[in-house]
Amino acid sequence: MLSILGFCMILTFLVLVITKRLSVVVAFIFTAIAFGLIGGFASEMGEMMVAGILKVTPTAVMIVFAILYFGLMIDVGLFEPMIAKILSFVKGDPLKIVMATAIITMLVGLDGDGSSTFMITVSAMLPLYMKLGMNRLVLASVVGLAAGVMNIIPWGGPLVRAAASLQVEVSDLFIPLIPVMICGLLWTLFAAYILGKRERERLGVSPIETAIPPGMSEQAAAVEASNGTSKLFWFNWFLTILLMVLLVMEVLPIQILFAAAFAIALFVNFPNPQEQQERILSHANSFVMICTLIFAAGIFTGVFTETKMMDSMAASIVTVIPDWLGAHLPLVVALTSIPMGFIFSPDAYYFGILPIISETASNFGISPVEIGRAALLGHSTTGFPLSPLVPATFILIGLVGVDFGDHQKFLFKWAFGTTIVMTIAAITFGVISL
């Protein structure tokens, strides 16, 4: 009975989300309440929901301070001088321009917001592509590839969703994936090199003196000169690098590291309390929505797990999965997460499908974190820049001005290559088991 109720609960949530009858947040809460009552758990439902919220609270805290920190670093122009130097270096060489596109996307992608990454990078690079007559599909593809890999960072959407739905620590998912991400970024640079080389062979090297878009150099100069920011440039770089090192070393919980780093950066860069308040409020929109989503997901998963619906569903699924396949579930998840990205939205996949797969895998001795890592290898890297269910994808093709179908056909083999390379790396490094 619990198994049937659980499948109905997931199906209801998926239908509501996919058909856009309700927003994801409302669907989470309404579905949890409805099926908690239907299952006869009215008296215990409140405690179940609170338990679910408490489990996702550390993730929400990390999201708030990570977004605030990197938002502040962008505000003070930490990356803009570097971007300006990169753009001044590429001149009129298509190969250098495509390589610069990948590198700038990686830098901007540190803020964890795919939409802003697309807007900033395309705004900087599109004038160069148009001036030289370069293929704009190359721009969309390289930005999509780099953003897809950077999408795995802890304060980005996919990893947060995976951590919240599986109720595991963000650091347990992310830290082992760092060398895998590096392999993915190297593949992105390789793909950018091949695509850039083709453009160079097709167009040659333009003799133009500089290829910096209007306003970019002025913007970098203003960043260095205004508000004394130039004096703090190296301090901000040192603090950011120190934060990344401490994060990898796991000296303190990731939430505390980001909170402390943000407090230090905010105080040093903006000593005035009024300015500090303004900086925080300027980034509120970036984290309020995703934190609301996380807490709503906590309510949903609290009811879903505490009622034992998920356990019953997993037990039912285990009976139909052969033992030989069960042992390879991480690999199966990594590869099937690609088509899943075209069928289910990120919320539907991570909160509706992944918990059931994880619970099923646990019956074969496979941990939830391993399933979470496997899902990120395909759904984030390939699904994110290609799926019609990801709104940011349409922002990318709209900014670049290319057809969605052409974008999918051009990018798919390179994005699929990212998943294959990262899956092989994950198996090699022992991040997922074969």
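Above: the structure in question.
Notes on the structure in this doc start here. (Residues numbered from 1 in each chain as written. Predicted model: local features only at pLDDT ≥ 70, side-chain atom pairs only at ≥ 80, totals over all residues. Heavy atoms only, no water.)

## Some words on the overall build of the chain
Consideration 1: Assigned secondary structure in the chain consists of 22 helices and zero strands.
Consideration 2: For the chain, the residues scored as buried account for 55% of the 434 residues in total.
Consideration 3: Sequence separation of at least 24 residues holds for 81% of the intrachain contacts in the chain that already meet a minimum separation of 6.
Consideration 4: Accessible area of the chain: about 17700 Å², with a carbon and sulfur share of 69%. (Helix = DSSP H or I, 4+ residues; strand = E, 2+ residues; numbered from the N terminus. Buried < 20%, exposed > 50% of the residue type's maximum accessible area, 1.4 Å probe, protein only. Contact = heavy atoms within 4.5 Å. Areas by Shrake-Rupley, 256 points an atom, 1.4 Å probe, with all protein chains shown as cover.)

## Notes on the packing of helix α10 (residues 178-203) against helix α22 (residues 404-428)
Between two packed helices, what matters for the description is the angle formed by their axes and the separation of those axes.
Consideration 1: With their axes 9 Å apart at the nearest point, α10 and α22 run at an angle of 150° to one another. Considering their axes alone, α10 and α22 lie roughly antiparallel with respect to each other. The hand of the α10/α22 crossing is right-handed. In this structure, α10 uses Val180, Met181, Cys183, Gly184, Trp187, Ala191, Ile194, Leu195 and Arg198 to contact α22, whose residues at the interface are Phe410, Trp414, Gly417, Thr418, Val421, Met422, Ala425 and Ala426.
Consideration 2: When the residues that make up the contact of α10 with α22 are grouped by side-chain class, the tally is 13 nonpolar, three polar and one charged. (Axes fitted to C-alpha atoms, helices over the stretch in contact; angles between N-to-C directions. Parallel < 35°, antiparallel > 145°, perpendicular 65-115°, else oblique. Left-handed = near helix turned anticlockwise from the far one by under 90°. Nonpolar A, V, L, I, M, F, W, Y, C, P; charged D, E, K, R; others polar.)

## Notes on the pattern of salt bridges
Consideration 1: Evaluation of the coordinates by the stated rule reveals five salt bridges.
Consideration 2: We note a salt bridge from Asp75 to Arg279, for which the minimum N-O separation is 2.8 Å. On the criterion of sequence distance, the pair formed by Asp75 in helix α3 (residues 45-75) and Arg279 in helix α14 (residues 273-282) is long-range, its members being 204 residues apart.
Consideration 3: A residue is classified by how much of its surface remains accessible, and Asp75, at 34% relative accessible area, is partly exposed.
Consideration 4: For Arg279, a relative accessible area of 23% puts it in the partly exposed group. (Salt bridge = Lys/Arg side-chain N within 4 Å of Asp/Glu carboxyl O.)

## A closer look at the nonpolar core
Consideration 1: With 144 residues, the main nonpolar core has Ile63, Tyr69 and Phe258 as its most contacted residues.
Consideration 2: Once residues within four sequence positions are removed from consideration, Tyr69 is found in contact with Asn236, Leu239, Thr240, Leu243, Phe258, Ala261, Phe262 and Ala265. (Core = buried A, V, L, I, M, F, W, Y, C linked by side-chain atoms within 4.5 Å.)

## Side note on the packing of aromatic side chains
Consideration 1: The final tally for this structure, using the stated rule, is eleven aromatic pairs.
Consideration 2: Centroid distance Phe28 to Phe351: 4.8 Å. Interplanar angle 90°. Geometry classified as edge-to-face. Taken together, the residues span a long stretch of sequence, with Phe28 in helix α2 (residues 24-38) and Phe351 in helix α19 (residues 346-362) at a distance of 323 residues.
Consideration 3: On the accessibility criterion, Phe28 (0% relative accessible area) is buried.
Consideration 4: A relative accessible area of 1% places Phe351 in the buried class.
Consideration 5: Grouped by ring-pair contacts, the aromatic residues Phe13, Phe28, Phe300, Phe304 and Phe351 constitute a single cluster.
Consideration 6: One residue, Arg279, lies across the ring of Phe270, its end atom 5.9 Å from the ring centre. (Phe/Tyr/Trp six-rings, centres within 6.5 Å; stacked < 30°, edge-to-face > 60°. Lys NZ or Arg CZ within 6 Å of the ring centre and 35° of its normal.)

## As for the environment of Met310
Consideration 1: Take Met310: it is sitting in helix α16 (residues 309-318).
Consideration 2: Note: C-alpha distance between Met310 and Leu5 (305 residues apart in sequence) is 9.6 Å.
Consideration 3: Leave out the neighbours within four places in its chain, and Met310 touches Phe304, Thr305, Pro355, Ile356 and Glu359.

## Comments concerning the environment of Ser282
Consideration 1: Along the chain, the position of Ser282 falls in helix α14.
Consideration 2: On the basis of relative accessible area, Ser282 is assigned to the partly exposed category, the value being 39%.
Consideration 3: Within polar-contact distance, the side chain of Ser282 engages the backbone oxygen of Arg279 at 2.7 Å. (Polar contact = N/O pair within 3.5 Å; in protein donor to acceptor, adjacent residues only side chain to side chain.)

## As for a nonpolar patch on the surface
Consideration 1: Together, Ile241, Val245, Met249, Val251, Leu252 and Ile256 line one region of the surface with nonpolar side chains, adding up to about 550 Å² of accessible area.
Consideration 2: When residues in the nonpolar patch are grouped by element, the largest group, three residues, is from helix α12 (residues 229-249).
Consideration 3: One can find Met249 in helix α12.
Consideration 4: Residue Met249 is classed as exposed on the basis of its relative accessible area, which comes to 56%. (Patch = residues over 30% accessible without salt bridge, like charges linked within 9 Å, V, L, I, M, F, W, Y side chains within 5 Å.)

## Focus on the packing of helix α13 (residues 254-269) against α14
Consideration 1: Orientation of α13 relative to α14, taken along the N-to-C sense of each, is 130°, at an axis distance of 9 Å. Judged by the inter-axis angle, α13 sits oblique to α14. Crossing of α13 over α14 shows right-handed handedness. In contact with Phe262, Leu266 and Phe267 of α13, α14 contributes Gln276, Arg279 and Ile280.
Consideration 2: Residue composition of the contact of α13 with α14, grouped by class: four nonpolar, one polar and one charged.

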